[in-house]
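The chain contents come next:
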Amino acid sequence: MSIDLNARIPNNVDLAEDRRLQRALESWQPSFINWWKELGPEGTLNYDVYLRTAVSVEAQGWAHFGYVKMPDYRWGIFVAPPVEGRTIPFGEHKGQPVWDEVPGEYRSSLRRLIVTQGDTEPASVEQQRLLGLTAPSLYDLRNLFQVNCEEGRHLWAMVYLLHAYFGRDGREEAEMMLERHSGDVDKPRILGAFNEETPDWLSYFMFTFFTDRDGKYQLSSLAESGFDPLARTCQFMLTEEAHHMFIGTTGIMRVVTRTCEVMAELKTDDPEKVRAAGAIDLQTLQKYLNFHYSVSLDLFGQEVSTNAANYYTAGLKGRFEESKIEDDHVLKDDVAHLTMFEDGAIKEIEYNALLAVNERLRDDYVTDCQLGVSRWNKVMRRHKVDFELKLPHRGFHRSIGTFSEGNITPEGEVISKEEWKKNEDKWLPSQADREFVISLQSACIEPGKIASWVAPPSRGIDGHPFDYEYVRFG
Ligand code: BYC
């Protein structure tokens, strides 16, 4: 499983042994680089960035840190080592040996899952392409670029699967990954949240907390797949993903910290005074949280999904930590109780557990999100600030699933459309809120300096201090 780092495409999948595949991927590579230059981080081609690069797939010491110009980043194909004798962990093929090739009857379902996953990766890079112009610190700038490079690598991970296992239509899908663009009217990205803008760093921290966390749960359920190449690919992607969510959790924590400091300095809880001092008031943070949480909840699909049931029964996409769940892993006779919107009311409805697999994953995600929110609230308690951030009701501001039919307040009350319209700006960032947050954005990129609205991190990257020169501008 050692990585061939000197190859034109670094890999641990013996690419050199398969000349056709190697040539096909090498012919996709220039399109990828062109896409990066056009739609990757704006104006950064000459920057030397202190980045980690995958050099191994072992848990210990998988990454090397050093200065890299981003177009020279060693994007490659890395999969976790195979598990000897692994069997399909769930569904109707449970207990049979895992597949090393695509089973004919599941070809289109698998391709669709891989394409949907792959599409999100370049989408997020596109969404974040201008953020580098207004980084709150050099440390944050470096972290942004790290995430961008790794999302690029995650695209490589899915493109490899498409090229290696799906022949001509896989290659066509790989081309399409660079043709759809975030927010493009004619060729948008596949999933809703990936067509939203990430216009400021507060949105970015929220995105890395809430939307990257959807990535964690989706990748974890694909890491259980009976199609072993997909499972192993996702296992390694999860190693990289952890840092992305760390940026979100600590990013929001640093914003909360700064706001609490300003409130203490000014002895006020007046949002206007907090804003005037160049910090973000807690009420605005709550609105951004409401927005990003709700669009990320949509990424789990509908509450009742035959797609999800079919993926599960086929052994293609499992649940979060499937092997730790104590049941038969077939779910045909199990039931689940789902919170849904029906006949104008929020109800608990019993369904077959197979149909409820999306909701199960969403439940796990909600629990995980709550842990982060509780950590932010702890910061406020430590500062003796009497305010709690809260996850809104799961029906709030939804576009996918039964709740998309209703108007639900953050507290979970069903209201009329008129009432929603009247109150929307209380719950979601208004135009004025967005303008305020954007007004705080300006590049603060001298080593050791930090913008007014966010506290410095408690430690730097790879043992370096906060004021390390994480990015050198060419
Ligand atoms: N937006 O049966 P349903 C990440 C469609 S993030 C638009 O419930 P299913 C990352 C759906 O496609 C993780 N359309 O759907 C994070 C279906 O279409 P058709 C990405 C949506 O299939 C940050 C229809 O509605 N990975 O890695 O059960 C940075 C019926 O819905 C949406 C994956 O998503 C939506 N939100 O569930 C970088 C994993 N939701 O059949 C990266 C792969 C549903 O009517 N994808 N629809 O044409 C999947 O597992 C599934 O496709 C979904 C949807 C869970 C997304």
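See the structure above.
Criteria and thresholds
Residues numbered from 1 in each chain as written. Predicted model: local features only at pLDDT ≥ 70, side-chain atom pairs only at ≥ 80, totals over all residues. Heavy atoms only, no water. Helix = DSSP H or I, 4+ residues; strand = E, 2+ residues; numbered from the N terminus. Buried < 20%, exposed > 50% of the residue type's maximum accessible area, 1.4 Å probe, protein only. Contact = heavy atoms within 4.5 Å. Areas by Shrake-Rupley, 256 points an atom, 1.4 Å probe, with all protein chains shown as cover. Lys, Arg positive; Asp, Glu negative; His and termini not counted. Charge placed at Lys NZ, Arg CZ, Asp CG, Glu CD. Near = heavy atom within 4 Å. Polar contact = N/O pair within 3.5 Å; in protein donor to acceptor, adjacent residues only side chain to side chain. 1 Å grid on protein atoms, 1.4 Å probe; cavity = no way out; pocket = protein on both sides within 12 Å on 5 of 7 lines; lining within 4 Å. Sits in = over half its atoms within 2 Å of the grid points. Nonpolar A, V, L, I, M, F, W, Y, C, P; charged D, E, K, R; others polar. Patch = residues over 30% accessible without salt bridge, like charges linked within 9 Å, V, L, I, M, F, W, Y side chains within 5 Å. Salt bridge = Lys/Arg side-chain N within 4 Å of Asp/Glu carboxyl O. Pairing = 2+ DSSP bridges. Axes fitted to C-alpha atoms, helices over the stretch in contact; angles between N-to-C directions. Parallel < 35°, antiparallel > 145°, perpendicular 65-115°, else oblique. Left-handed = near helix turned anticlockwise from the far one by under 90°. Points joined across faces, edges and corners; volume = space filled by probe spheres on them.

J.: Can you help me understand the overall build of the chain in this one?
T.: A tally of regular secondary structure across the chain gives 12 helices and five strands. Seen through its principal axes, the chain has C-alpha atoms that stretch 65 × 60 × 40 Å. By the burial criterion, 58% of the 474 residues in the chain qualify as buried. The long-range share in the chain, meaning contacts at least 24 apart out of those at least 6 apart in sequence, stands at 71%. Only carbon and sulfur atoms are counted for the fraction: they give 47% of the accessible area of the chain, which is about 20,000 Å². Computing the positive centroid from 53 side-chain charges and the negative centroid from 75, the chain places the two 3 Å apart.

J.: Looking at this structure, how should I read the site of the ligand?
T.: Taken together, 30 residues are adjacent to the ligand, and Q117, Q302, S305, K317 and N358 come closest. At 2.6 Å, a backbone N or O of Q302 approaches an oxygen atom of the ligand. At a separation of 2.9 Å, an oxygen atom of the ligand approaches a polar side-chain atom of N358. Here the ligand has 1,000 Å² of accessible area as a free molecule, and 82% of this is covered by the chains. Spatially, the ligand is embedded in the largest pocket. Looking at the shell around the ligand, the elements that each hand over two or more residues are α2 (107–127), α5 (201–222) and α9 (306–314). Sorting elements by how many residues they give to the shell around the ligand places α2 first, with seven residues. Among the residues forming the shell around the ligand, the class breakdown is 10 nonpolar, 13 polar and seven charged.

J.: Honestly, a negative patch on the surface in this entry has me stumped. Any pointers?
T.: Together, D4, D14, E17 and D18 line one region of the surface with negative charge. By the element assignment, D18 lies in the segment before α1 (19–39). Overall, D18 belongs to the partly exposed group, its relative accessible area being 35%.

J.: Got a minute to help me understand the pairing of strand β1 (residues 48–54) in this structure?
T.: Each regular strand shows side chains that alternate between the opposite faces of the sheet. With six of seven residues buried, β1 is to be regarded as a mostly interior element. The pairing of β1 with strand β2 (residues 63–69) spans seven bridges and is classified as antiparallel. Looking at the pairing, L51 lines up with G66 of β2.

J.: How should the packing of α2 against helix α3 (residues 138–165) be read in this particular structure?
T.: When two helices pack together, their arrangement is given by the angle between the helix axes and by the axis-to-axis distance. Running from N to C, α2 and α3 point in directions that differ by 155°, and their axes come no closer than 8 Å. Classified by the interaxial angle, the pair formed by α2 and α3 is roughly antiparallel. The chirality of how α2 crosses α3 is left-handed. Contact residues: α2 offers R111, I114, V115, Q117, G118, E121, P122, S124 and V125, while α3 offers N148, E151, G152, H154, L155, M158, L161 and L162.

J.: Quick question: what am I supposed to make of empty space enclosed by the protein here?
T.: The gaps of empty space that remain are located by a probe, the size of a water molecule, rolled over the atoms. A full pass over the atoms with the stated rule returns one cavity of 30 Å³ or more. There is about 50 Å³ of room inside the largest cavity. If you trace the largest cavity, you find it lined by Q127, A193, E196, E197, T198, F207, T211, F291, H292 and V295. Elements supplying a minimum of two residues to the lining of the largest cavity: α5 and α8 (282–297).

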